[in-house]
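Chains, contacts and geometry: an overview
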Amino acid sequence: MVKIEIDPGAGFCFGVEKVINTAELHLQDGKGLYGLGEMVHNASEMERLHTLGLKTINHRELLELKPERVLFRAHGEPPSTYQLAEKLRIEIIDGTCPIVSRLQKKLKNTYESMDRDREQMVIFGKSDHPETIGLLGQVNGDAVVISTKEDVSKVDPGKKVYLFSQTTMDPERFREVESALNELLKKFPEKLSKDSFRSDCTICGQMKKRKPGLSAFAKKQEMILFVSGKNSSNGKMLYEYCKTINPLTYWISNSNEVDPEWLKGVGSIGISGATSTSRDQLESVLNQVKKLTSV
Ligand code: SF4
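Here's what I pulled together on the structure shown here. (Residues numbered from 1 in each chain as written. Predicted model: local features only at pLDDT ≥ 70, side-chain atom pairs only at ≥ 80, totals over all residues.)

**Digging into the overall build of the protein chain**
- Secondary structure assignment for the protein chain yields 11 helices and 12 strands.
- Overall, the C-alpha framework of the protein chain stretches about 70 × 50 × 25 Å when taken along its three principal axes.
- Within the protein chain, the proportion of its 295 residues that are buried is 39%.
- Nonlocal contacts in the protein chain, meaning residues at least 24 apart in sequence, comprise 73% of its contacts between residues at least 6 apart. (Helix = DSSP H or I, 4+ residues; strand = E, 2+ residues; numbered from the N terminus. Buried ≥ 20, exposed ≤ 12 C-beta atoms within 10 Å, placed from the backbone. Contact = placed C-beta atoms within 7 Å.)

What follows is the structure, given as structure tokens:
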């Protein structure tokens, strides 16, 4: 009989779980609720929240609709969004993950104490990711955003570097960027002091643990069904990583995408997912696999 198991380390991260609980709580009074941006990069979960009454809007619609109250997502917002909401007298329900809030403050404090003629801030992140947009807002947009080790060419080697990271980036890629920056700065020793590079790996602890946990889990299984939204960057990264550990890994968004052909002759099936995949979705895939393998 086929063995089916859910990855014990999978499921929503703390920040996503918290904002979804906040949305559910505020939807109970039946007054409806606007959410600024997708609360979670997960189409099924967003559909569920929309059924409960959540209306997702973008920044332009915030200005046009002037809703009574709006929920900010776990990724955080730049100060300009708070200022706009205040000007429009919109009540903010702040779902920013506390870890992201702490990082925003850290960047702001560092920026304020920097000598900007001789020092620069570098953020390892995706320039169009909402969390990075929120981080840039803390420093008046005055930071170099890099997403690969090749991007270090954007950094001024004549200035001291303060390196931080978007919380959801890949820790291994962060180390690559760190090494590439060290190499770059070494090329200009005459311009720099010993203390010319400060690196702070601000990737979330839950993200750091995910890859080792997923690796151990994927090694034990003959096949992996990896569940996540196709627009989740964390999902894409973890799926690709999982495939390097267990080549028989399939990426699906929901239980309907399980192909019965994949399951034939497989002795053990592991089900895992991104930090934006709920335990309910993993359970639903488990039930679907049970159904398909019980005939
Ligand atoms: S990945 Fe970490 S920092 Fe980002 S929302 Fe989740 S718990 Fe918060």
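**As for the site of the ligand**
- Surveying the vicinity of the ligand reveals 14 residues, the closest of which are Cys-13, Gly-15, Cys-97, Thr-167 and Cys-204.
- Listed by contribution, the elements that provide at least two residues to the shell around the ligand are helix 1 (14–27), helix 5 (98–113) and helix 8 (205–220).
- Broken down by element, the residue count for the shell around the ligand peaks at three residues, all from helix 1.
- Considering only residue class, the shell around the ligand consists of nine nonpolar, five polar and no charged.
- No fewer than three residues from each of domain 1 (3–11 + 206–293) and domain 2 (14–96) sit in the shell around the ligand. (Near = placed C-beta within 6 Å. Nonpolar A, V, L, I, M, F, W, Y, C, P; charged D, E, K, R; others polar. Domains from an automatic or database assignment.)

**Remarks on the packing of helix 5 against helix 6 (residues 130–138)**
- Where helix 5 meets helix 6, the closest approach of the two axes is 8 Å, and the angle between their N-to-C directions is 35 degrees. When you trace helix 5 past helix 6, the crossing you get is right-handed. Here Val-100, Leu-103, Gln-104, Leu-107, Lys-108 and Tyr-111 of helix 5 come into contact with helix 6, specifically with Glu-131, Gly-134, Leu-135 and Gln-138.
- The class makeup of the residues in the contact of helix 5 with helix 6 is five nonpolar, three polar and two charged. (Axes fitted to C-alpha atoms, helices over the stretch in contact; angles between N-to-C directions. Left-handed = near helix turned anticlockwise from the far one by under 90°.)

**Re helix 6**
- Burial of helix 6 is extensive: seven of the nine residues sit out of reach of the surface.
- Residues of helix 6 that are buried include every one of Pro-130, Glu-131, Thr-132, Ile-133, Gly-134, Leu-135 and Gln-138, and no others.
- Each element contacted by the buried residues of helix 6 is listed here: helix 5, strand 6 (119–124) and strand 7 (144–146).
- A positive backbone phi angle near 55 degrees is found at Asn-140, which sits one or two residues after helix 6.

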